[in-house]
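# Breakdown of the fold
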Amino acid sequence: MRSNKQHSTQYQAGFSLVEILVGLVIGLLATLVILQVFTVFEGQKRTTSGAADAQTNGSIALFMIGKDLQMAGFAMVAGIHSPFNCDPATINYGATGITDLSPVTITDGGAAAGASDSITIRYGDSPSGGIPSLLIAPTGGLGANDVSIDNNLGCKVNDIALIVNGTTCNLTSVTGPTDIATPAVLSTPPKTTTVTLQSVAGATPNNYLACLGGWNVTTFQVNPNYVASPTDTEAYMDKNGTPAVADIVNIQAQYGISASYDSNLVVQWIDAVAPWDQATLQLPANIANRNRIKAVRVAVVARSGLLEKEDVSTVCSSLTADIPTGLCAWSATSASPSIVSPAPAIDLSNDPNWMRYRYRVYQTIIPLRNIVWSKNTL
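Quick summary incoming for the structure in this document.

So, how was this worked out
Residues numbered from 1 in each chain as written. Predicted model: local features only at pLDDT ≥ 70, side-chain atom pairs only at ≥ 80, totals over all residues. Heavy atoms only, no water. Helix = DSSP H or I, 4+ residues; strand = E, 2+ residues; numbered from the N terminus. Buried < 20%, exposed > 50% of the residue type's maximum accessible area, 1.4 Å probe, protein only. Contact = heavy atoms within 4.5 Å. Areas by Shrake-Rupley, 256 points an atom, 1.4 Å probe, with all protein chains shown as cover. Salt bridge = Lys/Arg side-chain N within 4 Å of Asp/Glu carboxyl O. Polar contact = N/O pair within 3.5 Å; in protein donor to acceptor, adjacent residues only side chain to side chain. Pairing = 2+ DSSP bridges. Axes fitted to C-alpha atoms, helices over the stretch in contact; angles between N-to-C directions.

Regarding its fold elements, the protein presents 4 helices and 16 strands. Classification of the 378 residues of the protein by burial places 42% in the buried group. A sequence separation of at least 24 residues applies to 72% of the contacts in the protein between residues at least 6 apart. When the accessible surface of the protein is summed, it comes to about 19,400 Å², and 58% of that surface belongs to carbon and sulfur atoms.

So, in structure tokens, the structure goes:
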């Protein structure tokens, strides 16, 4: 028997062409919205990551500078016969290769676009802190370059040594005896009151000998070979010519000086070029003026690695006003010591795209504690 059951046409119906096209349009619109949202959030993520990198790099750079600045002048112990009393214009550096005993020197980068300061820090590493020993008349049996002191415990072979007679100072190095070498080879009997020097100029009885240890000279600066460009990867702070921290594009620094050498109150912040000229600060001709430098104020500029599509940074609004806006080193507030020089300008316009980068400026004040502690003996 033949079935009379009829199949409904609705089980055979599909999507029409119009329905398919409408579905495609809706899908494309949804995809477009998703891509737009993804692009926005990806840009925000890159900006946030770049800012975080700049924050990390700037913090590390400032920490490195501050750590060395706290050591500036170490082993130049305070006292009547302190190396701080040596006249820098007349020091005899001998054959040591050292040319300056100033605890810190700022070299001003100038006013050109992209100019950055550099900071040179000097200190000894003597375990005894450079305590001077009295030179006494030899009792005989000494070689031509041997000198007799009350105790050679604070000295070791290869130390830089300073012979002090008031403001007259002679720099030399320790070459013996083997009792204070590394490793030590004891003499018979042990030599505990003798030091052999590279030069004995000025080593007369009643003068003083200070063993400063190994002499450290550290210079922080922005890579001098850095040439700004949108694809440049050579923006970094170097330490003694070796890359130390990436994406550091500028360093600015000022001296904090007291009214007199025997005061620790900073009354002025000055650039390295005014009111004292650069040559005087590089090779100070005046002991009292050099010993007035009690602190250093530093600003480090770190750059995000992301080149934005439009300008996101602006020039500093003021070098003398309180709470300026834009790319600034610090505020010039009435609460701070008087500003002989305005706050230093940060000029990165040597890169035509500098405004399309984001920056972080980190600043601090580092007291030169080895000079501050010497106030009563300078």
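Glancing now at the pattern of salt bridges. Throughout the structure, instances matching the rule amount to 4 salt bridges. Notably, a salt bridge pairs Lys156 with Asp159, separated by 3.1 Å at the nearest N-O pair. We classify Asp159 as buried; its relative accessible area is 2%. One salt bridge connects Glu308 with Arg358, and the closest N-O pair in it is separated by 3.1 Å.

Considering the arrangement of structural elements, one finds Arg122 in strand E2 (residues 118-124). A polar side-chain atom of Arg122 sits 2.9 Å from the main-chain carbonyl oxygen of Ser102. Excluding residues that lie within four positions of it along the chain, Arg122 makes contacts with Met71, Ala72, Gly73, Asp100, Leu101, Ser102, Pro103, Val104, Thr105, Trp215, Asn216 and Val217.

Read across the open sheet, the 5 strands follow the order E1-E2-E9-E10-E11; overall the sheet is antiparallel. Taken across any chain shown, the strands that pair with only one partner, and hence form the sheet edges, are strand E1 (104-107) and strand E11 (242-246). Across the sheet, the mean angle from the axis of one strand to that of its neighbour is 20°, orientation sign disregarded. Two elements, E1 and E2, share 4 bridges in a ladder whose sense is antiparallel. When the sheet's bridge partners are listed, Thr107 is paired in E2 with Ser118.

Attention shifts here to unusual backbone geometry. For residues besides glycine, phi is generally negative; the peptide bonds are generally trans as well. In this chain, Gly176 is followed by Pro177 through a cis amide linkage whose omega measures 5°. On the secondary structure map, Pro177 appears in the loop between strand E6 (168-176) and strand E7 (194-197). In this model, Asn240 sits at a positive phi of 55°, which is unusual for a non-glycine residue. Despite not being glycine, Ile323 shows a phi value in the positive range, around 50°. One can find Ile323 in the loop between strand E14 (293-303) and strand E15 (338-339).

Among the 9 residues that make up E6, 7 are buried, leaving the element largely enclosed by the rest of the structure. Strand direction decides the pairing type here: strand E5 (residues 160-165) and E6, joined by 6 bridges, are antiparallel. Counted as the bridge partner of Ala161 is Thr172 from E6. Counted along the chain from E5 to the antiparallel partner E6, the turn is 2 residues long, and its residue Gly166 has a positive phi close to 65°. Taken together, the 2 bridges between E6 and E7 define a ladder with antiparallel strand orientation. Looking across to E7, one finds that Gly176 is bridged to Thr196.

Spatial relationships are all this shows, so hold off on functional conclusions.
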